Amino acid sequence: MTESADLVKRLPNDIGGLTAGPISKVDHELLPWEKRCHALADVLDFHKIINTEEKRRGVESLGTEMINALSYYERWIVAFANILFQKGLFTPEQLANKIAEIESRPTIA
Amino acid sequence: MEHQHGHDQQHDHDHPHAEITHDLRPGYYEIMETAVRELLIEKRMIGADEIRRQIEVLDSRTPALGARVIARAWVDPDFKARLLADGRKACEQEFGISFYDDTGLIVLENTDRVHNLIVCTLCSCYPRPILGLPPDWYKLKPYRSRAISEPRAVLAEFGTVLPDDVEVRVSDSTAMVRYLVLPLRPEGTENYSEEQLAALVTRDTMIGVVPATKAGAIQ
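Visitor: How would you sum up the overall build of chain A? Please name residues and give values.
Guide: Summing up its helical and strand segments, chain A has six helices and zero strands in all. Relative to its length of 109 residues, chain A is extended, with a C-alpha radius of gyration of 17 Å against a globular reference of 13 Å. Oriented by its inertia axes, the alpha-carbon framework of chain A measures out at about 50 × 35 × 30 Å. Counting every position in chain A, which comprises 109 residues, the buried fraction comes to 28%. Sequence separation of at least 24 residues holds for 49% of the intrachain contacts in chain A that already meet a minimum separation of 6.

Visitor: Describe the interface of chain B and chain A, and please don't skip the residues or the numbers.
Guide: Across the contact, 53 residues belong to chain B and 49 residues belong to chain A. Where the side of chain B that touches chain A is concerned, the elements lending two or more residues are helix H1 (28-42), helix H2 (50-59), helix H7 (136-139), helix H8 (141-146) and helix H9 (151-157) of chain B. The leading source of residues in the side of chain B that touches chain A is H1 of chain B, at 11 residues. The residue makeup of the side of chain B that touches chain A, split by class, is 25 nonpolar, 11 polar and 17 charged.

Visitor: An account of helix H2 (residues 32-46) of chain A is needed here, citing residue identities and associated values.
Guide: Spanning 15 residues, H2 of chain A covers 21 Å between terminal C-alpha atoms, matching the ideal 21 Å at 1.5 Å per step. Burial of H2 of chain A is extensive: 11 of the 15 residues sit out of reach of the surface. Looking at the packing, one finds that the buried side of H2 of chain A touches helix H3 (52-60) and helix H5 (72-86) of chain A together with H1 and H2 of chain B. Phi turns positive one or two residues past the end of H2 of chain A, at Lys-48 of chain A, with a value near 55 degrees.

Visitor: Could you give an account of unusual backbone geometry, naming the residues involved and the relevant values?
Guide: Its identity is not glycine, yet Lys-48 of chain A carries a phi of approximately 55 degrees, on the positive side. By the C-beta count within 10 Å, which is 8 here, Lys-48 of chain A ends up exposed.

Visitor: Which residues make up the nonpolar core, and what values go with them?
Guide: If you look at the biggest cluster of nonpolar residues, it comprises 44 residues, and the most contacted ones within it are Ile-70, Ala-71, Tyr-143, Leu-180, Val-181, Val-201 and Met-206 of chain B. In terms of residue count, the dominant contributor to this core is helix H3 (residues 63-75) of chain B (six residues). Once residues lying within four places of it in the same chain are set aside, the contact partners of Val-181 of chain B are Leu-108, Asn-110, Asn-116, Ile-118, Met-206, Ile-207 and Gly-208 of chain B. Membership of the second largest hydrophobic core comes to 26 residues, among which are Leu-40 of chain A together with Tyr-29, Met-32 and Leu-39 of chain B.

Visitor: I'd like a rundown of the packing of H5 of chain A against H1 of chain B, residues and numbers included.
Guide: Two elements in contact, H5 of chain A and H1 of chain B, have axes whose closest approach is 10 Å; the angle formed by their N-to-C orientations is 40 degrees. Judged on the interaxial angle alone, H1 of chain B and H5 of chain A are oblique. Seen from above, H5 of chain A lies across H1 of chain B with left-handed handedness. Along its contact with H5 of chain A, which presents Glu-74, Ile-77, Phe-80 and Ala-81 of chain A, the element H1 of chain B presents Tyr-29, Met-32, Glu-33 and Val-36 of chain B. For the contact of H5 of chain A with H1 of chain B, a count of residues per class yields six nonpolar, no polar and two charged.

Visitor: Tell me about the domain arrangement of chain B, residues and numbers included.
Guide: Partitioning chain B into structural domains gives domain 1 (28-58) and domain 2 (62-207). The centre of domain 1 of chain B, based on its C-alpha atoms, is set 31 Å off from the matching centre of domain 2 of chain B.

How each quantity is defined
- Residues numbered from 1 in each chain as written.
- Chains lettered and ligands numbered in written order.
- Predicted model: local features only at pLDDT ≥ 70, side-chain atom pairs only at ≥ 80, totals over all residues.
- Helix = DSSP H or I, 4+ residues; strand = E, 2+ residues; numbered from the N terminus.
- Rg over C-alpha atoms; globule rule 2.2 N^0.38 Å.
- Buried ≥ 20, exposed ≤ 12 C-beta atoms within 10 Å, placed from the backbone.
- Contact = placed C-beta atoms within 7 Å.
- Nonpolar A, V, L, I, M, F, W, Y, C, P; charged D, E, K, R; others polar.
- Expected span 1.5 Å × (residues − 1).
- Core = buried A, V, L, I, M, F, W, Y, C linked by C-beta atoms within 7 Å.
- Axes fitted to C-alpha atoms, helices over the stretch in contact; angles between N-to-C directions.
- Parallel < 35°, antiparallel > 145°, perpendicular 65-115°, else oblique.
- Left-handed = near helix turned anticlockwise from the far one by under 90°.
- Domains from an automatic or database assignment.

Right, dumping it as structure tokens:
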């Protein structure tokens, strides 16, 4: 079987049963923005804007390369932005403008 | 991007980032989080104080909550029966633990013959209302990949070696169904109070990677 066929048969999240290395018992205290990101996920779920399965699928649809390159909450926030674009709740341009405005602030909370 | 860190091919984990200092400008993803949140608030899709309130909820959930539930199940057979019948209802009604999501909770009882282990192979589903957020290793590829195919080897990496005649059952969590392990009550704890018992119940015992032991008491 070719390597590309493996990509078709196993989406990025579908890793159950694969071989993998030893379990490194790592953990870390969430950074403030990571905790805000987690709370945002919950609030989006409460409002039925993005539910848990949509979030998981949104991360998976980032594709293997981005999934491997981004950390856990980096993947979440990019997935949220994509899902919100797809649902038409705001546009990529609106997000880009907001990001530029935040970057121009003298101090960022 | 100040939060930039090296990424290699194997990178699939949340590693500790550099310590935050006040002069550090936020990184790309942190700014994106602020932007998404502010847009949602401006468009009145979420309330301005909802994130802060949810952070308080998240901070209030730790494995100590789950430990109280387990200790009660050890001392009260009727409660244990209700917990095993409907985990969410028992936690909500008898411990006032609010489930801030739509998830169900199935409590899996360890016995002399059966040892349970929980995992989320697809992502990181976890009984968050009761245990708080999962540790990083639970969200990483080695645990997610191997827990279902070689659970005994995984358990051994946590120092847990079970007799061959103990059946190992692995339960794979979903967006809607979460699991919690009810560990075996350690021998020699007949005279322990419920509070003393709760101190023996760690996060990892409720994931199922280690047994509860008298030596494992939380100080």
